[in-house]
Structure formats: C-alpha cells, structure tokens
Amino acid sequence: MDKLYFVVGSQDLYGDECLRQVAADAQVMTDFFNQKLGAKVKVELLPTVVNSETCIADLRKVSCDDECIGVMTWMHTFSPAKMWIKGLQELRKPLLHLHTQANEKLPYDSIDMDFMNLNQAAHGDREYGFILARMRIPHQVVAGFYQHEDVLAKISAFVDVARAINFSRHLKVASFGNNMREVAVTDGDRVESQICYGWECNYYPIGDLVKIMQGVSEAEVDAKMEEYTSKYTMKTTKVEAVREQAKYEVALDKFLAQNGIGAFADTFQDLYGLKQLPGIACQNLMGKGIGFGPEGDYKISAFSAVLMKMAEGREGATGFIEDYTYDLTSGQELELASHMLEVPVTFAATKPEIDVLPLGIGGKEDPARLIFDGVQGEGIQVTMVDMGDHFRIICADIELVKQPKPMPKLPVARIMYRHKPNFAIGTAAWCYAGGAHHSVVSTALTRADIALFAKLTGTELIVIGDETTEADLDKLTAPCCR
Ligand code: MN
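Counting from 1, residues in each chain are numbered in the order their sequence is written. Local features are withheld for residues below a pLDDT of 70 in this predicted model, meaning they are given only at 70 or higher, and side-chain atom pairs are given and counted only at 80 or more; totals for whole chains, interfaces and linings count all residues. Note: side-chain values were computed over all heavy atoms of the structure, leaving out hydrogens and water.

**Topic: the coordination of the manganese ion**
Link 1 in the chain: Looking at the manganese ion, one finds its protein donor set to be E295 (OE), E322 (OE), H339 (NE2) and H438 (NE2), positioned 1.9 to 2.3 Å from the metal centre.
Link 2 in the chain: Only nitrogen, oxygen and sulfur atoms qualify as donors, provided they sit within 2.8 Å of the metal or within 3.2 Å for Na, K and Ca; with water excluded from the atoms, sites may seem incomplete. For the manganese ion, all donor residues lie on one chain, and their spacing in sequence is E-x26-E-x16-H-x98-H. Note that H339 is positioned in the loop between β12 (334–338) and β13 (353–356) and H438 in strand β18 (residues 438–442), a separation of 99 residues in sequence.
Link 3 in the chain: Buried residues are those whose accessible area, probed at 1.4 Å on protein chains only, stays under 20% of the maximum for their type, while exposed residues exceed 50% and partly exposed ones sit between those limits. Since its relative accessible area comes to 1%, H339 is described here as buried. Only DSSP runs of H or I with at least four residues qualify as helices, and only runs of E with at least two residues qualify as strands; both kinds are numbered from the N terminus onward.

As structure tokens, then:
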C-alpha cells in the first residue's frame, strides 16, 4: 500500500519530557490520520527531527522507500531550520507542510510557558516555511487543526496528487510508430518529459505487437469477447471484425505487461500488419487506466494515465478526448468532443454499443468501436503542450451536458460540454494559451488538483474559468518574435 511518511520537527532545547510529549502527540495524530485516510494511504511516523542528522536520516528514508509517495512535515515546537537544510537537499518526494497544532483550543485558564514552548507551530512552522521558500522547494501548505474536515480533505487531495506523481515517475510509455506526419501540438521533447515527469518514452515497431497478436489463441479471443459482451451491447453482426479487435487487446495486454508499460500511443499512418485501427481495444484499455494517445501523441497518453491515477477511488470519469466540432447557437454554444474512434469507455452515460463501421481514414478495414452518449456534470479539461523551453499545462473549467438531441448517424462515442466563463472567452483563452486539440476531461478532478500537480512538478499552469475576463486574453498573447 502507498505510504505517506509523517515527520515532526522539534529540538533538544526543551528537555526530554517535552520530546516525549512531542512523540506521543505525533503518534496520536498518526493514528488519527490512519483511521481517516487508511483506505487510500498508510501514514507512518518517523523519528522526531531534533538535529541535522535525524532530519537527513528521515528524509533519506522518505526518498529511498519505493512504497512512499510523499511526506508530511509539521513543527510541533520550534525547530531551527538550518537543521533541515541537508535533509531537504536529499528529499525527492512530494512535500506537504502541515501547519497545525496538537491542540485545537487554547487552554486559557491553565496556559503557561511550558505549554507555549511545547505547542508553537505558529513560530516553528514559520521558521520552517522560510527554509522551504529560501531553498525553492515545491510544496503544499495545509493550514488548520488536523482533525477538521477541510484539513483532512486537503491532505487527502495531496495524497491523490502525490500518488499520481509517484506513478508518473515510474511510467513507461510506448510509441507504436511516430508522431502523425505534419502535426505539431502532439509532438514534444521526450528527453525533457523524462526529466520533468519521469516518463520513459520509447519507440516500438508495430511489428512487435503483430508478432504477439499472431500467437493469441482462439480461447483468449473468446475470453475477451466474453468480457465485451458482458459489459457492452453487441449491435453489429460483423462478429469477426470485433474478434479482430479482441485479439488486438489481448496482444496489447501482453505487450504492456511484458514491458512494464502503462501508456501507449499508436497512429493510423503505421498499422502495418493490422487489419483495423485499434478501436474498442483502446477504448476498453483506457477504461482500465491504461494511457492512450492517438496520432502518436505520447504526451496525452502519459498525461491521461497520470490523471487517471490521480482520480483513482473518486467518483466521476477521467479520460482522453479530442475537441471536434461546435454548436454555435448564440448564447447556447456547446462543444462536441469525441475522436475518430478511441473515446474512453469511462465517459459512457449509456450502455455502450459495439458496432463496425467505415473509418474513412487510414485505408484499413472497418474497425469495431464502442458508441455511447457521454456523462454530465461539472468538470475540467486539461492538456499539456511543449512550448520549446518548458511544458505548459492548460486547465479549463467546463460543464459536461446532455446532448440536446440524439445523433443517430454519428458513428463514434461523444461527450458534450459548455465552456466557461462563456464560449467566446473560454475557447479564445484556450487558443491563445496554445492548448492542444487532445486533452483530458475529468469530472473527478478539480482545478486545485491540477494546480497542485503543476506546482509540485514545477510546470507552468494557465487556468480558464468563470473568473477569466476579456482582459486576461491579452496576457496570454505570446511574444511575437523568438
Ligand atoms: Mn486526434
């Protein structure tokens, strides 16, 4: 299980009795966190930091434990921050600075100097906050009594983001084929992606997959078909075409497992040895948290896997999508988002139907795909682009809506949404910011989650929402010369 270490700061100036109390209070808090957050993370207390050596030992443990997704620190007493410098220099995990106290209320009748020296986070956490700021260490501060619901919710959100960052740092991304010819926004610097986010992005010939495919047995295809028909409605009579996709998914399963890969990209321009563009195979895999990017888009493949990991355990849907076409009725503008095939099944509001229809691109046989209407609710749309010297995340608030009318002739799954604050400003801001046509839409994650991810990974973030104004658009205009 994922582990979150809890490190409490003090010093030896106040005597052993004080340090015993610090350790006892820290244990009570640890037990409380485990009781409240135990379903998603195990909180483990490390020895109280009383000097540079204990700090180095604690934060080395945090950094080297593969099960550890992050660390939460808190200064029960004053803890001179020079003691923290060398330890913090070794920290390689997401950091939460919990600004709290063991006590909620002040004991006005009995408070004395001993109490004040023991419970001085107001003092110690400022000293500690300074050294984090001075050392430019990305971190999240959560302030308030540790038992309060809002504080617990913020710690819980940090755990989700830290889990996603930890996942990201171990993520391997496979590209079958290269980036789609001539397309700019889906491309990017894979070396920089690994430096910033840990993604090991590597190329594999599609022939590697075809070879595995050729070894897939009829029984394995039968089992996959069983899975499809148990979850989805078989609308087509072209069962062989669906079995072809089932074979792709079985082969992909094996390929991903053999190579420890959590996200992959393909392209319709490189399907040598495949009869169809993978459709339902990708849709079903995305529903299981596997990242996918079409047209060789390795960034959205990896980023969607990371965001699905962040959303794990939450209500709502998270997945890859493409901006496609608009309803521009004045004042009621809506976007229809979809893809030519590969819309994650996660977005299904209706029971998906399996159908086999022409694709009109790529020159292959008609692919089997899942078709459904999309979920509704408040959500976000997030993307990542390569600006040449840094990555940029763009996060827009959206409202996913029910499609106003059925679209019986549209042969792909779809979602629809309304932009904020309105169509004119919301979409213009996205264009000015250089936002891609590939993105991740989520009704499970919030802007705050993305902001925390951006902060902890040191990524530029542009947000678009109800507070975005016409005047903000000018600020997003890029310098005209390079
Ligand atoms: Mn696309």
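**Some points on the nonpolar core**
Link 1 in the chain: For this analysis, a nonpolar core means a set of buried residues of the types Ala, Val, Leu, Ile, Met, Phe, Trp, Tyr and Cys, connected via side-chain atoms within 4.5 Å. Of all hydrophobic cores here, the largest spans 116 residues; its most connected members are F33, L98, W199 and F264.
Link 2 in the chain: These domain boundaries are the output of an automatic or database domain assignment. The two domains that each donate at least three residues to this core are domain 1 (3–169) and domain 2 (172–475).
Link 3 in the chain: Any two residues having at least one pair of non-hydrogen atoms within 4.5 Å are treated as being in contact. Not counting the four nearest positions on each side in its chain, F264 is found in contact with A174, F176, L252, L256, C282, L285, I290, G291, F292, G293 and S301.
Link 4 in the chain: Listed in part, the 20 residues of the second largest apolar core include V71, A81, Y128 and I137.

**Quick word on the sheet that holds strand β14 (residues 368–371)**
Link 1 in the chain: Taken together, the 3 strands give an open sheet; going across it, the order is β8-β13-β14, and neighbouring strands pair in mixed fashion. Every other strand in the sheet has two partners, leaving β8 (233–234) and β14 as the edge strands with one partner each.
Link 2 in the chain: With 4 bridges connecting them, β13 and β14 associate as antiparallel partners. Bridge pairing links D355 to R369 in β14. We treat two strands as partners when DSSP finds at least two bridges between them.

**Points about the side chain of S10**
Link 1 in the chain: If you trace the backbone, S10 turns up in the loop between β1 (3–9) and α1 (16–37).
Link 2 in the chain: A relative accessible area of 0% means that S10 is categorised as buried.
Link 3 in the chain: A polar atom in the side chain of S10 sits 2.7 Å from the side chain of T77.
Link 4 in the chain: Not counting the four nearest positions on each side in its chain, S10 is found in contact with L19, V22, T48, V49, V50, T77, F78, S79, P80 and M83. Nitrogen and oxygen atoms within 3.5 Å of one another constitute a polar contact, given that in protein one can donate a hydrogen and the other can accept it, and given that sequence-neighbouring residues count only through two side-chain atoms.

**Points about the domain arrangement of the protein chain**
The parts lose accessible area when they come together, and the size of an interface is often stated as this lost area.
Link 1 in the chain: Splitting the protein chain by domain gives domain 1 (3–169) and domain 2 (172–475).
Link 2 in the chain: The distance between the C-alpha centroids of domain 1 and domain 2 comes to 38 Å.
Link 3 in the chain: Listed as interface residues are 15 residues of domain 1 and, on the opposing side, 15 residues of domain 2.
Link 4 in the chain: The term buried area means the drop in 1.4 Å probe accessible area that two parts suffer when joined, counted for both and summed. Here domain 1 and domain 2 share an interface that buries about 1400 Å² over both sides, 66% of which is from carbon and sulfur atoms.
Link 5 in the chain: A per-residue breakdown of the area domain 1 buries against domain 2 is headed by V161, F167 and S168, which together make up 36% of the total.
Link 6 in the chain: One speaks of a salt bridge when a side-chain nitrogen belonging to Lys or Arg is within 4 Å of a carboxyl oxygen belonging to Asp or Glu. Across the contact surface, domain 1 and domain 2 share 1 salt bridge.
Link 7 in the chain: Here R314 and D160 are joined by a salt bridge, their closest N and O atoms 2.8 Å apart.
Link 8 in the chain: Scanning the region where domain 1 abuts domain 2 turns up 8 residue pairs in polar contact (both at pLDDT 80 or more).

**Focus: the environment of Q245**
Link 1 in the chain: Secondary-structure assignment places Q245 in helix α10 (residues 239–259).
Link 2 in the chain: Along the sequence, Q245 and M225 sit 20 residues apart, while their C-alpha atoms lie 9.3 Å from each other.

**A look at the sheet that holds strand β5 (residues 140–143)**
Link 1 in the chain: The sheet built from 5 strands is open, its strands ordered β2-β1-β3-β4-β5 with parallel pairing. Whereas interior strands pair on both sides, the edge strands pair on one side only; in this sheet they are β2 (42–45) and β5. On average, each strand axis in the sheet is inclined to that of its neighbour by 25°, with strand direction left out of account.
Link 2 in the chain: Where strand β3 (residues 68–75) lies against strand β4 (residues 95–99), 3 bridges are found, and the strand directions are parallel. For M72, the partnering residue across the bridge sits in β4 and is L96.
Link 3 in the chain: Note on method: axes are straight lines fitted to C-alpha atoms, helices fitted across the in-contact stretch only, with angles between N-to-C directions ranging 0 to 180 degrees. Strands in contact with helix α6 (residues 149–169) are β1, β3, β4 and β5; relative to β3, the strand with the most contacts, it is inclined by about 140°.

**Side note on the packing of aromatic side chains**
Link 1 in the chain: Between 30 and 60 degrees the pair is tilted, below 30 it is stacked and above 60 it is edge-to-face, where a pair is any two Phe, Tyr or Trp rings, Trp via its six-membered ring, whose centres lie within 6.5 Å. Using the criterion set out here, one finds 17 aromatic pairs in the structure.
Link 2 in the chain: Between F176 and F255, the aromatic rings sit 4.9 Å apart at their centres with planes inclined by 50°, giving tilted as the arrangement. Of this pair, F176 sits in strand β6 (residues 172–176) while F255 sits in helix α10, and the two are 79 residues apart along the sequence.
Link 3 in the chain: A relative accessible area of 2% means that F255 is categorised as buried.
Link 4 in the chain: An aromatic cluster is built from F6, F32, F33, W74, F145 and Y146, whose rings are joined through pairwise contacts.

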